[in-house]
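# Summary of structural features
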Amino acid sequence: MKRKLEIVLYPNTTSIIPDTDITNRVQNLSFSTHLHGGFHLCNFQLRADIPEAWEWITKKMFYRLVIRDINKTIWEGRLQDIGLTYGTVNATAYGYYASLNDGEYYTAYNANADVVIKAILTAQSPDINSDQSNIAATGGPAVTSAASASYLDRSPRELVELLADFGDTSGNTWYFAIWEDRKPYFFSRSIASINWFIGLEGLTRFELKHQGGNLWNKVYAIYDVAGTLTRTADASDVTSQNKYGVTRYYTIPQLGTVATATAQAIRDTWLADHKDLWPSLEDIVLGDYVKDSNGVQYPSSWVRAGDVICIQNLVPVSGDLTTPIRDALRTFYIMETQYNAERAENRLVLDTESQSLDAIVARIPKFSSA
């Protein structure tokens, strides 16, 4: 049985009075979440005659769309692509991460990524909530806009992604997202706790693969020092090399003029993410429901990017784990969700999904033209 969701339009980001409740008129609804990004895309069709369809095109562009399940917001964004056919409006809304494409930032900086991101949002992203309490501190390294011409005169979205790539001095991977009430989040990947549990019987389909080409256990980075091409020392993971019996060497391309500590942080972040041979769980689709850590059942539409999910009976009992770790055998970090309301199914993209070129191209976020 499909779950009924509330779908409401507001004229702008500050209005609390709805413009239109379209709950009972929407067809073919689907929506997604993504890292980086948060709420990503929402597509639907609306039954409408030609005059009303023209009103949508001429008056409702950039209206705020909110999808709720009871009191929980499960998607929020703004209308940006609207088309019409006979009797139907075809609409695509983008999560408010897309609003980071609206501005350009050209103020010089030399600070940790979280500090710079806060300044960029304040200066150039008026649609984003001013509450920045969920932007966590990286603790370093400092990033300077003098490092490369690509670090200035770019949209906030481009700069946020460039800054996130620096990770931190502990080799953690960082993500940026806009969630409920357009609040910004900047956070490191964590698997300290599991958000959702599901058994194989709760999956509509799945496929598990192993790909040795994704393993890298020796790395260095290239950068400039006073205009001189410089290489960091190699970072190696001997445990990985001994475990797999192979050393795979990777070069991080030219970073520009950055501090040595910054280049080393990027090197170490890459190594931490690639030193293990993760199986890739592909084409994984959740059915109607998942359970939380207390065994309480929730709709699969509540599952979002950045959550951690455990597939309880995917690993034989002899391989069971007593503490949550990102093992890519049972516990997975979610990078993207694609929920289909008609089928009440949620397809997951995991951080261990295939890194083949075709797979990567197929998953590229469609924000570039927004």
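Just above sits the structure.
Source: prediction; values computed, not measured. (Residues numbered from 1 in each chain as written. Predicted model: local features only at pLDDT ≥ 70, side-chain atom pairs only at ≥ 80, totals over all residues. Heavy atoms only, no water.)

Now for the pattern of salt bridges. Two side chains of opposite charge can pair, provided their charged atoms sit close to one another. Within the structure shown, the criterion is met by 17 salt bridges. In this structure, Arg68 engages Glu6 in a salt bridge whose closest nitrogen and oxygen atoms are separated by 3.7 Å. Here Arg68 is found in strand E5 (residues 64–69), whereas its partner Glu6 is found in strand E1 (residues 6–10), with 62 residues between them in sequence. The partly exposed category is assigned to Glu6, whose relative accessible area is 32%. With a shortest N-O distance of 2.8 Å, Arg25 and Glu52 are connected by a salt bridge. (Salt bridge = Lys/Arg side-chain N within 4 Å of Asp/Glu carboxyl O. Helix = DSSP H or I, 4+ residues; strand = E, 2+ residues; numbered from the N terminus. Buried < 20%, exposed > 50% of the residue type's maximum accessible area, 1.4 Å probe, protein only.)

Another point: the side chain of Thr73. Within the secondary structure layout, Thr73 lies in strand E6 (residues 72–85). Residue Thr73 is classed as buried on the basis of its relative accessible area of 15%. Here Thr73 is in contact with Phe39, Val66, Ile67, Arg68, Glu180 and Arg304, once residues within four sequence places are set aside. (Contact = heavy atoms within 4.5 Å.)

This part takes up unusual backbone geometry. Here Leu35 and His36 are connected by a cis peptide whose omega angle stands at -5°. One non-glycine residue, Phe62, lies in the positive phi region at around 70°. Within the fold, Phe62 resides in the loop between helix H1 (50–59) and E5. Judged by relative accessible area, which is 45%, Phe62 ranks as partly exposed. Even without a glycine there, the phi angle at Asp153 is positive, about 55°. Within the secondary structure, Asp153 is located in the loop between strand E9 (142–144) and helix H3 (156–164). Asp153 gets classed as exposed once you look at its relative accessible area, which sits at 53%.

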